[in-house]
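# Structural overview for review
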Amino acid sequence: MNAPLNRALAARTWRAQRSRVALVCLALAGWSFLMPVIYATFGRQLGALLDTGIIPAPFLRLLGADPFSLTGAIALGWVHPIAIGLFVLFPIGLGAAMIAGERQRGTLEVLLSRPLSRRTLFLTHLATLAAIALLTVIAALAGTVLGAAANGIAAELDPGRLAVLGLNTWLFLVALGSVALAASASFDRMAGPVGIVIALLLVGYLLEVLGTLWPDAAFLQPLTPFHYLRPLEVLGGRQVRVDLAVLAVLAAAAAGYGLWRFPRRDLAAPS
């Protein structure tokens, strides 16, 4: 019986991606470092602007946070398009290419000719994506803590809330990675899974922003995984158990579909 995970395959993937992972982690750490710096430099002086009403309420709803508080600055940076792009780069980009890319290059058949079951291959790729996602989350949290410490405001951070934020973000990334990998396991070419995950990313982000700006469209927000990434609520001490559960269910459902679909696929001769 094959083991659930294959260390050689995981090591091969890690060797191929470690430089890129390191660069993304450094970029996330640097971006997260800036948020406490922005708060320490401008937040306390400009916080009075909120009391004057000079900042329109719809704009604040779009931000989803008060950028002139420490938790608000961190939350705003966490869901900024730059941060989101860095966070999802590997779960979505690499996940969509892991199986369909091998199939397109004609190397998947060689890989499966070894004593390696399709389920083991799928689970190994999923575990690799989850591990890379964890590294990126740790890098972002480390950047936040270092930025706060460098400006003498680390005492304002709650370690427990940061841990929950890390868990929330990791589950969000694993859910997206599971969808990308399940799509990758269902196609022979990369165009299919890449199109699916890009649509999920763009449409999901659009629905979340639309529901934030237009209250009548708020019913659309629960349809997107972005709705369950809650940095402001987490850092504010509010309960996000339902959000964590939804992301976990989404990840499990996508992984379950991939584990069901991939072993049952016919792999035609490469064209």
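This write-up is about the structure you can find in this document. Model, not experiment: these values are computed from the prediction. (Residues numbered from 1 in each chain as written. Predicted model: local features only at pLDDT ≥ 70, side-chain atom pairs only at ≥ 80, totals over all residues. Heavy atoms only, no water.)

## With respect to the pattern of salt bridges
The final tally for this structure, using the stated rule, is six salt bridges. R103 serves as the salt-bridge partner of D188, at 3.1 Å between the closest nitrogen and oxygen. Placement of the pair is D188 in the loop between helix 9 (159-184) and helix 10 (191-213) and R103 in helix 6 (residues 100-105), with a sequence separation of 85 residues. A relative accessible area of 27% means that D188 is categorised as partly exposed. (Salt bridge = Lys/Arg side-chain N within 4 Å of Asp/Glu carboxyl O. Helix = DSSP H or I, 4+ residues; strand = E, 2+ residues; numbered from the N terminus. Buried < 20%, exposed > 50% of the residue type's maximum accessible area, 1.4 Å probe, protein only.)

## Remarks on the nonpolar core
By size, the foremost hydrophobic cluster in this structure holds 64 residues, and its most contacted members are F87, I99, L121, F122 and F172. Of all the elements in the fold, those that place two or more residues in this core are helix 1 (7-46), helix 4 (70-78), helix 5 (81-98), helix 7 (108-112), helix 8 (118-150), helix 9, helix 11 (231-235) and helix 12 (241-264). Looking at this core, the element that brings in the most residues is helix 8, giving twelve residues. With near-sequence residues (within four places) excluded, F87 lies in contact with L28, W78, T136, V137, A140, T169 and L173. (Core = buried A, V, L, I, M, F, W, Y, C linked by side-chain atoms within 4.5 Å. Contact = heavy atoms within 4.5 Å.)

## Brief notes about the side chain of H125
Here H125 lies in helix 8. Relative accessible area serves as the criterion here: at 2%, H125 is assigned to the buried category. Once residues lying within four places of it in the same chain are set aside, the contact partners of H125 are L9, T13, M98, I99 and L181.

## Looking at helix 4
Within helix 4, seven of the nine residues are buried, which leaves the element mostly enclosed by the surrounding structure. Regarding helix 4, the residues found buried are L70, G72, A73, I74, A75, G77 and W78.

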